[in-house]
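What follows is each chain in one-letter form.
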Amino acid sequence: MNDERWLLPAGIDEVLPSEAAELERLRRALLDLYATWGYELVIPPFIDYLESLLTGTGHDLDLKTFKLTDQVSGRLLGVRADMTPQVARIDAHHFRREAPNRLCYLGTVLQTRSDGFAGSRSPMQIGAEIYGHDGVESDVEVLRLLLATLRTAGIDNAYIDLGHVGVFRGLARQAGLDRTQEMALFEALQRKAGAEIELLIGQFDLPADIGAMLLGLADLNGEDALERARTVLAGADAAVQAALARLQAVANETRRWQPELPIHFDLAELRGYTYKTGVVFAAFVPGWGLEIGRGGRYDDIGRVFGRARPAVGFSSDVKGLIALANGASPPADAPGPVLAPWDVDPRLQAVVDALRAGGRCVIRELPGEAPSQTCSERLELVDGQWQLCPCAVPDA
C-alpha cells in the first residue's frame, strides 16, 4: 500500500535549506530597503474576522479566501489571502497622523486558488503603501519602490504597464450602464474580446459614439496608447479626460526619475476594478507572461474603519521573485563552514564564538558523525593553540 502522507496540496510548498537561505537574505534586504525609504513595518494577523479581510476589496478576494468558524465567538473567520485590507485597518485605527503614513508588510498569505507568477497558493507577500496623500508624487514613489524591490531581487529588465480604472468607469457612467451591464462589459474587456464587446454594446442599445469609445478601449494598449486615446476618446466626459491626464502625469513624472524605464499603457487592464479608484500598474519582464508585481490607488479602502484616506501601494511575492531571478546566492568563493571537534576546551569555545561573531558558520562535530564534505576548514589543536586548518578532501 502506497503511503502518500508526504504529498503536499497543489500549490502549497515547503522551503528547503538552500532556498530558505535565499528567502531570508532577500527578506532582510527588502525590509532594510523599505526602512531607508521611511516605511514602517507592520505585521497583521494571519487569521482574522472574514468581514475585516474582505472590507474594501469586496468580492475580489471572496473566492480566494479560506473560511472557517471561530469556535470561541461563532463568527466566520478567514485566512488572509491579501494583507492590504488589514494594513488599511492599522492605518485607520492605530494611527492618528494627518501627514502621509508609510507602511510596509511581509508575510505568508493563503489562497484557495493561485494567480501568482510562481504558481503558489501560499506566496510570501511583500508590499508597501502610502496613506494620506492624493497626488502624482505618491503614485510615482510606490512605483519607484516596486522597481527598487525588483532590482534588489536581481531583476533589472522589468517594464511597467500603466492604466487607470477611471477611464472605463467614466465611460460606463456616461453610457448610463447599470451595474450588471457595467460588469458584463468589464469581463469582456479583460479578455479583450472585441466581438463580445460589440455584441454587448448592441444589446444595451448604446449611442454610436459611446459604443465606439467602449469598443476602442480594447485596442488602447502599447507605448503610444495615450496618444491614440486622445482621438478615440475625444468625446468622453470630464471624468475620463481627468483620468487620462492623471495617467499622463504619472508617466511623465516616472520618466523624470527613471528615463530608461519602458512604460506601456493598457486602458482595458482594470486590475482590482471593484476597489481601485485611480492609477493601476503592474511590472513584467520580457518573455514572462505574468505580472511580477502589482499596485495602484485605492482611496476608499479605509472608509469602513472610520478613516477614508487616500491610499496607494504595491505588492509582490518574495518566493516568486527568487524563482524568477534565480536567487541571490552567495559568491562562489564565500568560505564554507568550519568543523570544530566536540571539546569543552574554553580556548576552543572562544575561537568558535569569534568565528561565529564574524559571520562564519561553525559546526560542532558530534561523536560518530561522518566528516562533513561541505566544510572547507576545521579547527585543530596545533602547538597548544586552536587553529584553522584545511579539511582533508575525502577519498572518491
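So, here is what we can say about the structure in this document. Being a predicted model, the structure only gives us computed values, none of them experimental. (Residues numbered from 1 in each chain as written. Predicted model: local features only at pLDDT ≥ 70, side-chain atom pairs only at ≥ 80, totals over all residues. Heavy atoms only, no water.)

### Some thoughts on the environment of Q181
Thinking step 1. Take Q181: it is sitting in helix α6 (residues 179-190).
Thinking step 2. Taking the C-alpha atoms as reference points, Q181 and L200, 19 residues apart in sequence, are found 8.3 Å from one another. (Helix = DSSP H or I, 4+ residues; strand = E, 2+ residues; numbered from the N terminus.)

### Describing unusual backbone geometry
Thinking step 1. With phi around 50°, K192 is a residue other than glycine that occupies positive phi space.
Thinking step 2. Along the chain, the position of K192 falls in the loop between α6 and α7 (194-203).
Thinking step 3. Here D383, not a glycine, exhibits a phi torsion of approximately 55°, which is positive.
Thinking step 4. Mapped onto the elements of the fold, D383 is located in the loop between β15 (377-382) and β16 (385-390).

### Describing a nonpolar patch on the surface
Thinking step 1. On the surface, F46, I47 and L68 cluster together into a nonpolar patch covering about 240 Å² of accessible area.
Thinking step 2. Structurally, the position occupied by I47 is in strand β2 (residues 47-49).
Thinking step 3. Given a relative accessible area of 38%, I47 falls into the partly exposed group. (Patch = residues over 30% accessible without salt bridge, like charges linked within 9 Å, V, L, I, M, F, W, Y side chains within 5 Å. Areas by Shrake-Rupley, 256 points an atom, 1.4 Å probe, with all protein chains shown as cover. Salt bridge = Lys/Arg side-chain N within 4 Å of Asp/Glu carboxyl O. Buried < 20%, exposed > 50% of the residue type's maximum accessible area, 1.4 Å probe, protein only.)

### Quick word on the pattern of salt bridges
Thinking step 1. Taken as a whole, this structure holds 23 salt bridges when the rule is applied.
Thinking step 2. We note a salt bridge from R378 to E380, for which the minimum N-O separation is 3.4 Å.
Thinking step 3. A cluster of three or more residues bridged by salt bridges with shared partners is formed by D134, D139, R246, R297 and D299.

### Let's talk about the pairing of strand β3 (residues 66-69)
Thinking step 1. With four bridges connecting them, β3 and strand β4 (residues 76-79) associate as antiparallel partners. Bridged to K67 within β4 is G78. (Pairing = 2+ DSSP bridges.)

### So, the sheet that holds strand β13 (residues 338-340)
Thinking step 1. The four strands are arranged β14-β13-β15-β16 in an open sheet whose pairing can be described as mixed. The two strands at the open ends of the sheet, each matched to only one other strand, are β14 (362-364) and β16. Averaged over all pairs of adjacent strands, the angle between their axes in this sheet comes to 35°, without regard to strand direction.
Thinking step 2. Pairing geometry for β15 and β16, over six bridges, is antiparallel. The partner of L381 across the bridge, within β16, is W386.
Thinking step 3. Across the face of the sheet, helix α12 (residues 346-357) comes into contact with β13, β14, β15 and β16 while running at roughly 145° to β14. (Axes fitted to C-alpha atoms, helices over the stretch in contact; angles between N-to-C directions. Contact = heavy atoms within 4.5 Å.)

### Focus on the nonpolar core
Generally speaking, soluble globular proteins have nonpolar side chains that are buried together.
Thinking step 1. Ranked by internal contacts, the top residues of the largest apolar core, which has 80 residues, are L162, F168, L217, L233, F281 and V318.
Thinking step 2. The element contributing the most residues to this core is helix α4 (residues 136-152), with nine residues.
Thinking step 3. In contact with L233, not counting residues within four places along its chain, are V167, L171, M213, L217, L220, V240, Q241, L244 and L267.
Thinking step 4. With 14 residues, the next largest nonpolar core counts M83, V87, Y131 and A311 among its residues. (Core = buried A, V, L, I, M, F, W, Y, C linked by side-chain atoms within 4.5 Å.)

Function cannot be inferred from these measures alone, as they are strictly geometric.
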